Amino acid sequence: MYSVRNWLISGVVMLALVSAPTIGRGANVPDSINIDPLAKLYEKVKFNHAKHISLIKDCAECHHHTTGTQVQEKNCVRCHKNSEAKKTVACRSCHAATPFSAEVLRAKESDRWLYHQDKPGLKGAYHQSCIGCHEKGKGPTGCKECHALTKAGEELYRTGEFAPRPAPGSGKHGGH
Amino acid sequence: MKRRDFLKACMMCGAATSLGISNKAWGAGSFEGYPDGMGVLVDLTRCVGCRSCEAACNKEQNLPAPQVPFDDKSVFEEKRRPTEAAYTVVNKFDDKQGGGPVYRKVQCNHCNEPACLTSCFVNAYTKTKEGAVIYNPKICVGCRNCMIACPFNVPGYSYSSAFNPVVKKCIFCYDTRLKNGKPPACVEICPQEVLTFGHRNELIKVGHERIRETPDKYVDHIYGEKEVGGTGWLYLSGVTFDRVGFDTTLGNDPIISNVKEFLGTVPMVLSIWPALFTGFHLLSTRNKDHSDHGDSHSEQEDPKP
Amino acid sequence: MKRYKAQGIDIVDSMHKASGAKKWTLKEKLFLGLTPQQYIAQALRNPFNWILAVIFAVGLPIIAGRFLFGLSWVTHSSCDYPWGLFLGFGLFGMVPLSSSGFQLGTTCEVFGRHDFEPIERLALLNGLLGYFFAVCFLLVDLGQPWRLPYPMVVAFGPAAVLFLVAWHVATYLSVQIAEVSVAFFEWIGFPVGKRAVRKIVLGLTVAGIILSTLHQGALGALFTYAPGKVHPLWYSASFQWLHFFVSSIPGGLCMVIVVSTIASKTMSWRCDDRFRNNLDKLTIALAKGASMGLATYLTIKLIGIAHDNKWAYLATGWGAWYAVEMIGGVVLPLILFAVAIRNNKVGLVRFSAVLTVVGVVLNRLNTSMFTFNWKLSEREIPHWREIVICITLYAIYITVYRFILARLPILYTWKTADETVPVTEKQAGYLALERAKPEPVGTYCSRIEESIPATHYTTRKE
């Protein structure tokens, strides 16, 4: 009584159900992320997540083991052979925004069993992850190529409208 | 001259010369540093030469405006050093052996036994317990001996000031940050986290651990761990240190060790010379009339007419 | 001045005027017994004064400018090269040459060699003025010279070698002022002061030896703060202070030879018989002392190189320069001194003394400036204003030196009331003195009335 048509429909439905989780998970992954927790001297970064996923494919390259995929690095595999996925995979959930504040330092040094004493802070994690890879590949490596300076940033770096005017006839008179 | 007068005079002069000449040499050699001393681990493999540290330092320490903006990379064409207007600078070194350029941040290394401190004759420098080497511009006389003594050529001097020239150097942001437990401005702004702030003893362990975990990435040496008695700012590098402007001939003795040999002779001379030369005098005038040698002069007096 | 003396004008050399029982006033003493017009006339006639005038006209405004506009206006001192000519020449160069004070003081007072007395006061003055002007150079160099007393009273850094230098130079200046004050008290007529100082002169001299040993050595020890920065041939970790101390001995003695030569030639009107007759013999004696100092210095330098095994450096360019300094400033003078002393050639001794003085100053300049930062690629060339200020300060030093030598009883002996007699043939008597035979060498208990033969004065009749 089950015609070929019924088999086909149930087959497609089953396929859809099986692949739903995978597609569904992919559907939770944002295509574009505004990285702005530390934006002060520079504007927020408009990060093209989708492009990076299609380029890198392996989530562990940036998210360590937090997405459920396993890491390949020798130093990590020692302990994290079968580590689970974590609830949040955003960088800022593990990497502190102010890694050298007195509180963070105290917490770090008082917990003698804490293994990752050398975990970078949030800003360091962003840059080391991004620049580290971009220098090997063909990504942008200049500061302004990823984020533009804010007004405060221009003032700090003495650039743009805050650039120093050339001193008139400045000689090396007794200079260093 | 009468013996009594001579002895009186000797005591006067001896007392006068020994006043204040108490040369205490600092204990060195096995000094491990201050237990609460902070430090900074500088990982040169991470630095990309963005010069944010220079910009942050300039703002934090109210330094004069630079000649070119801080995002101008043309300054790397020549090697710079810290000056009165720039407490820290970054220099670029081309690594021909395959890697890209290596950047190196230069600033005061906040030594455990600073040569500047030991050479200052008005004690203008202080090594705080937090580890910063700071100085007091109010008593600086301007002898510039500290600039001669610093093995890293760090202190700058404001020669252009006519009425208040003083030594200028990195003070670990002591007044504004370190005193309150906060990291210095350059550490806070560094995007690549080249600079890791923490207790010096911990940082040495962290540094060795980094070398251990990625041995191909680093030279197996922390510069500053032992050099000139140990410095507060420690360096890790991917290329040998002499290729990025470090002086690798310094040795592990603090600078004061060189000076101690002389300082040790001072109390010897002060105590032995008086007796030695009085002895010479007595020996050489043995057979001569003692009352004679002074009096040939003193008799040329003018009796009042 | 020779002209005036030949005319028979009375030059101040005692408390009383020749012509009467009247005393010289201070003003007259300052003008050397001439009228102001005569004094100015002789000053204007002297070509050396014209050179000095030019130097002062150019240099004094620049010195003022250094204090108004800051160090960067007059030096190229940088953060890599903090010390320049002011310290290299003015302090490090002049201090070893001024060690004559303690050396001749020791010779006469401690070792009892009173035959050196004719030249003792010149050596003491040389020492005092040298140190005083070294401090003047330091004041020009310091960033905040008004803070110079700080290490004495405000803040102490006793572990610093410079602390020792500061205290010792200050104390030693006081000792030297006291030693020269004997001549000064004679000149202004304050016998009480002179007696007081004479009482403690042995203590002063021993204090001077202690202080000099230490601070001459300490100036060398200053460079042990920068072990890698001075070239290894000029630097010795263990013996740096000895190098500086031992080289100051021939430096000071030869400076006395040089100064006494210049004084006896340019100020011969001021020198009395005792000085003139003993000068050659004393020059040779000083040369003997300087030779021993030079020989010791050469030995210690060679030991310094052997101790750290630095022989390889001699084969470099710096090694050649080192050879120039050692051979020209040490070995050659040693040989010349030996020849001259053996053959009693005073002229050769004087030439060799000049070589030694130049050699000592060159050593100081090499250590503090030329080989400093030898590893860096750039050398600092001194600013032209820095050179001008050095020349000007040195000219002021020479002027003050000349001023004092012309007045105080240093090159001549102050005559007391026992000798100066109101006789009308006074002028003839003085001229006769000049033509008299040279006196025999003074014994160590020489008294003035014995050195002037009895025929040349008559006793005072009350």
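If you're wondering where the values come from, they're calculated on a predicted model, not measured in any experiment. (Residues numbered from 1 in each chain as written. Chains lettered and ligands numbered in written order. Predicted model: local features only at pLDDT ≥ 70, side-chain atom pairs only at ≥ 80, totals over all residues.)

Some thoughts on the overall build of chain C
Part 1: Regarding its fold elements, chain C presents 19 helices and 0 strands.
Part 2: When each of the 462 residues of chain C is scored for burial, the buried share is 47%. (Helix = DSSP H or I, 4+ residues; strand = E, 2+ residues; numbered from the N terminus. Buried ≥ 20, exposed ≤ 12 C-beta atoms within 10 Å, placed from the backbone.)

What about the overall build of chain A?
Part 1: For chain A, the count of helices and strands is 8 helices and 2 strands.
Part 2: Shown N-terminal to C-terminal, the secondary structure of chain A runs as helices and strands in the order α-β-β-α-α-α-α-α-α-α.
Part 3: Evaluated residue by residue, chain A yields a buried proportion of 12% over its 176 residues.
Part 4: Taking the intrachain contacts of chain A between residues at least 6 apart in sequence as the baseline, contacts between residues at least 24 apart amount to 41%. (Contact = placed C-beta atoms within 7 Å.)

Here we look at unusual backbone geometry
Part 1: Although it is not a glycine, B:Arg51 sits at a positive phi angle of roughly 70°.
Part 2: With respect to the helices and strands, B:Arg51 occurs in the loop between strand S1 (38–43) and helix H2 (52–60).
Part 3: In this structure B:Arg51 comes out as buried when scored by C-beta crowding, with 23 C-beta atoms within 10 Å.
Part 4: The backbone phi angle of C:Asn309 is positive, close to 55°, even though this residue is not glycine.
Part 5: When you line up the elements, C:Asn309 lands in the loop between helix H14 (273–307) and helix H15 (317–343).
Part 6: Of the residues examined, C:Asn309 has 9 C-beta atoms within 10 Å and is grouped as exposed.

Focus: helix H17 (residues 384–407) of chain C
Part 1: For H17(C), spanning 24 residues, the distance from its first C-alpha to its last is 35 Å, which sits close to the expected 34 Å at 1.5 Å a residue.
Part 2: Buried residues in H17(C) make contact with helix H4 (47–69), helix H5 (85–91), helix H8 (117–141) and helix H13 (240–266) of chain C. (Expected span 1.5 Å × (residues − 1).)

Observations regarding the packing of helix H7 (residues 256–284) of chain B against helix H12 (residues 201–221) of chain C
Part 1: Running from N to C, H7(B) and H12(C) cross one another at 155°; their axes reach a closest spacing of 10 Å. Relative to H12(C), the element H7(B) is oriented roughly antiparallel. The two elements H7(B) and H12(C) meet at a crossing, and its hand is right-handed. Along its contact with H7(B), which presents B:Val259, B:Phe262, B:Val266, B:Val269, B:Leu270, B:Trp273, B:Pro274, B:Phe277, B:Thr278 and B:His281, the element H12(C) presents C:Leu202, C:Val206, C:Ile209, C:Ile210, C:Thr213, C:Leu214, C:Gly217 and C:Ala221.
Part 2: A per-class count over the contact of H7(B) with H12(C) returns 14 nonpolar, 4 polar and no charged. (Axes fitted to C-alpha atoms, helices over the stretch in contact; angles between N-to-C directions. Parallel < 35°, antiparallel > 145°, perpendicular 65-115°, else oblique. Left-handed = near helix turned anticlockwise from the far one by under 90°. Nonpolar A, V, L, I, M, F, W, Y, C, P; charged D, E, K, R; others polar.)

Observations concerning the environment of C:Phe163
Part 1: Mapped onto the secondary structure, C:Phe163 falls in helix H10 (residues 161–188).
Part 2: Note on C:Phe163: 25 C-beta atoms within 10 Å, which makes it buried.
Part 3: Spatially, the C-alpha atom of C:Phe163 lies 39 Å from that of C:Phe275, the residues being 112 residues apart in sequence.
Part 4: Not counting chain neighbours up to four residues away, the residues in contact with C:Phe163 comprise B:Phe121, C:Pro151, C:Phe156, C:Gly157 and C:Pro158.

Section: the sheet that holds strand S8 (residues 195–199) of chain B
For sheets, the rule is that strands pair by backbone hydrogen bonds, running either parallel or antiparallel.
All names here are of chain B.
Part 1: Strand order in this open sheet of 3 strands is S8-S1-S9, and the pairing throughout is mixed. Each having just a single partner strand, S8 and strand S9 (233–236) make up the two edges of the open sheet. Shown here is a sheet whose adjacent strand axes are inclined to one another by a mean of 25°, direction ignored.
Part 2: Direction of pairing for S1 relative to S8: antiparallel, over a ladder of 5 bridges. Across the sheet, the residue bridging to Met38 is His199, located in S8.
Part 3: Packing against the sheet, helix H6 (residues 200–213) makes contact with S1, S8 and S9, and its axis sits at approximately 130° to S8. (Pairing = 2+ DSSP bridges.)

A few points about the environment of A:Lys151
All names here are of chain A.
Part 1: Counting through the fold element by element, Lys151 comes out in helix H8 (residues 151–157).
Part 2: According to the C-beta neighbour criterion, Lys151 is exposed, with 11 such atoms within 10 Å.
Part 3: Separated by 100 residues in sequence, Lys151 and Lys51 place their C-alpha atoms 30 Å apart.

Considerations on the confidence of the model for chain C
Any residue range with low pLDDT should be treated as having predicted coordinates unsuitable for detailed reading.
Residue and element names in this part refer to chain C.
Part 1: Predicted confidence across chain C gives a mean pLDDT of 86, with 89% of residues reaching 70 or more.
Part 2: Confidence drops under pLDDT 50 across residues 418–424; counting only partners more than four residues distant or on other chains, this segment forms 15 contacts.
Part 3: This stretch, residues 456–462, has a pLDDT under 50; its non-local contacts, to residues over four places away or in other chains, come to 9 contacts.
Part 4: What the predictor reports for the complex is a pTM of 0.82 with an ipTM of 0.81. (pLDDT = per-residue confidence, 0-100.)

Focus: H2(B)
Part 1: Counted residue by residue, H2(B) has 7 buried out of 9 residues, so it is predominantly covered.
Part 2: Burial in H2(B) covers these residues: B:Ser52, B:Cys53, B:Glu54, B:Ala55, B:Ala56, B:Cys57 and B:Asn58.

Some remarks on the packing of H13(C) against H14(C)
Residue and element names in this part refer to chain C.
Part 1: For the pair H13 and H14, interaxial distance at closest approach is 8 Å and the crossing angle is 155°. On the basis of the axis angle, H13 is roughly antiparallel to H14. Seen along the crossing, H13 lies across H14 with a hand that is left-handed.
Part 2: Of the residues that constitute the contact of H13 with H14, the class distribution is 15 nonpolar, 9 polar and 2 charged.

A word on the confidence of the model for chain A
Part 1: For chain A, per-residue confidence averages 80 on the pLDDT scale, and residues scoring 70 or more make up 85% of the total.
Part 2: Across residues 170–176 of chain A, confidence stays below pLDDT 50; counting only partners more than four residues off in sequence or on other chains, it has 10 contacts.

As for the environment of B:Leu63
All names here are of chain B.
Part 1: Within the secondary structure, Leu63 is located in the loop between H2 and strand S2 (89–93).
Part 2: What makes Leu63 partly exposed here is the crowd of 16 C-beta atoms within 10 Å.
Part 3: Along the primary structure Leu63 and Phe31 are separated by 32 residues, whereas in three dimensions their C-alpha atoms are 35 Å apart.
Part 4: Setting aside residues no more than four positions away along its own chain, Leu63 makes contact with Asn58, Ala85, Ala86 and Tyr87.

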